[in-house]
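Summary of the model geometry
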Amino acid sequence: MRRGLFITFEGGEGGGKSTQVKLLAQRLREEVRRAVLTTREPGGTEMAERIRALLVTGEPETLSSTAEALLNYAARDDHLRRLIRPALAAGKVVISDRFMDSTRAYQGYAGDCPLSLIDALERDVVGETVPDMTIILDIAPEKGLSRTRSRMEEQSQTRGEREDRFERFGLSFHRKLREAYLRIAEENPSRCVIIDAARPPEEVAADVWRAVAPLLERLKTEDPS
Ligand code: TMP
């Protein structure tokens, strides 16, 4: 039986996922006597971070949706085996910035990877390690993309090192992506919560906390050891 808690953050570009992951982890560390592990996808282990570099840099047309799905799942398999499952088995709270719904949304519903392949990968690679809760940060793509562009300019990254391959897919892709996440939420109502991310981070964080708090009762009553 899983003793920890697995929470994932999802959504299109510029919804403030990494800020919300940090804020939630901070608050959990204050309020729950469990270790909290934050991680991200693609990435989280040495091998998965190497695969990430292939996916998020370079020109949009270098990989098909199917190749992207397979690479993301190669990274996810390593991430699950080496980091996520051992942490959950040890009773930790694991928060991941993106997980399996990103592949379904980006490569499946918004891209053209066959859904039969994504279903099979989910079943055989993720298996029972489905998140306890998935927070979908929803924002209009025009607003999200303009946020990420100004962030990159502030960091003055040069083109070659920018992790912006998916941001350059075009607005119609990002519109489909928003619909894709709403569809995922509709298909998984007991696991997914949609939060309006076009507001100040503290307001978004308050909604995230309201969604997560009921899950914490279980951690208070169960012994982590
Ligand atoms: P991010 O960490 O800035 O969100 O960047 C990761 C990018 O990779 C983002 O554009 C979404 C994309 N992605 C997929 O297309 N499929 C996946 O399965 C995952 C995990 C990420």
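For the structure given in this document, a descriptive report is provided here. (Residues numbered from 1 in each chain as written. Predicted model: local features only at pLDDT ≥ 70, side-chain atom pairs only at ≥ 80, totals over all residues. Heavy atoms only, no water.)

Here's the deal with the packing of helix 3 (residues 65-89) against helix 5 (residues 115-126)
- Interaxial distance between helix 3 and helix 5 falls to 10 Å at its minimum, and their mutual angle equals 15 degrees. Taken together, the axes of helix 3 and helix 5 are roughly parallel relative to one another. Considering only the axes of helix 3 and helix 5, their crossing is right-handed. Residue-level inspection shows Thr66, Leu70, Tyr73, Arg76, Asp77, Leu80 and Arg85 of helix 3 in contact with helix 5, the latter providing Leu117, Leu121, Glu122, Val125 and Val126. (Axes fitted to C-alpha atoms, helices over the stretch in contact; angles between N-to-C directions. Helix = DSSP H or I, 4+ residues; strand = E, 2+ residues; numbered from the N terminus. Parallel < 35°, antiparallel > 145°, perpendicular 65-115°, else oblique. Left-handed = near helix turned anticlockwise from the far one by under 90°. Contact = heavy atoms within 4.5 Å.)

Concerning empty space enclosed by the protein
- Going through the model one piece at a time under the given rule, you end up with one cavity of 30 Å³ or more.
- Empty space within the largest cavity amounts to approximately 120 Å³.
- Lining the largest cavity are 13 residues; nearest its centre among them are Gly11, Gly12, Glu13, Ile139 and Arg178.
- Going through the elements one at a time, strand 4 (133-138), helix 6 (141-154) and helix 7 (171-187) are the ones with two or more residues in the lining of the largest cavity.
- Sort the elements by how many residues they give to the lining of the largest cavity and helix 7 lands first, with four residues.
- For the lining of the largest cavity, the class distribution of residues is seven nonpolar, three polar and three charged. (1 Å grid on protein atoms, 1.4 Å probe; cavity = no way out; pocket = protein on both sides within 12 Å on 5 of 7 lines; lining within 4 Å. Points joined across faces, edges and corners; volume = space filled by probe spheres on them. Nonpolar A, V, L, I, M, F, W, Y, C, P; charged D, E, K, R; others polar.)

Remarks on the site of the ligand
- What surrounds the ligand is a group of 14 residues, the closest being Glu13, Arg76, Arg98, Thr103 and Gln107.
- Lys17 places a polar side-chain atom, nitrogen or oxygen, 3.3 Å from an oxygen atom of the ligand.
- Take Arg52: an N or O atom from its side chain is 3.2 Å from an oxygen atom of the ligand.
- In this structure the site holding the ligand corresponds to the largest pocket.
- Counting only elements with at least two residues in the shell around the ligand, the list comes to helix 2 (46-56), helix 3 and helix 4 (100-109).
- Broken down by element, the shell around the ligand gets its largest block of residues, four residues, from helix 4. (Near = heavy atom within 4 Å. Polar contact = N/O pair within 3.5 Å; in protein donor to acceptor, adjacent residues only side chain to side chain. Sits in = over half its atoms within 2 Å of the grid points.)

Function-wise, these values are silent; they only describe arrangement.
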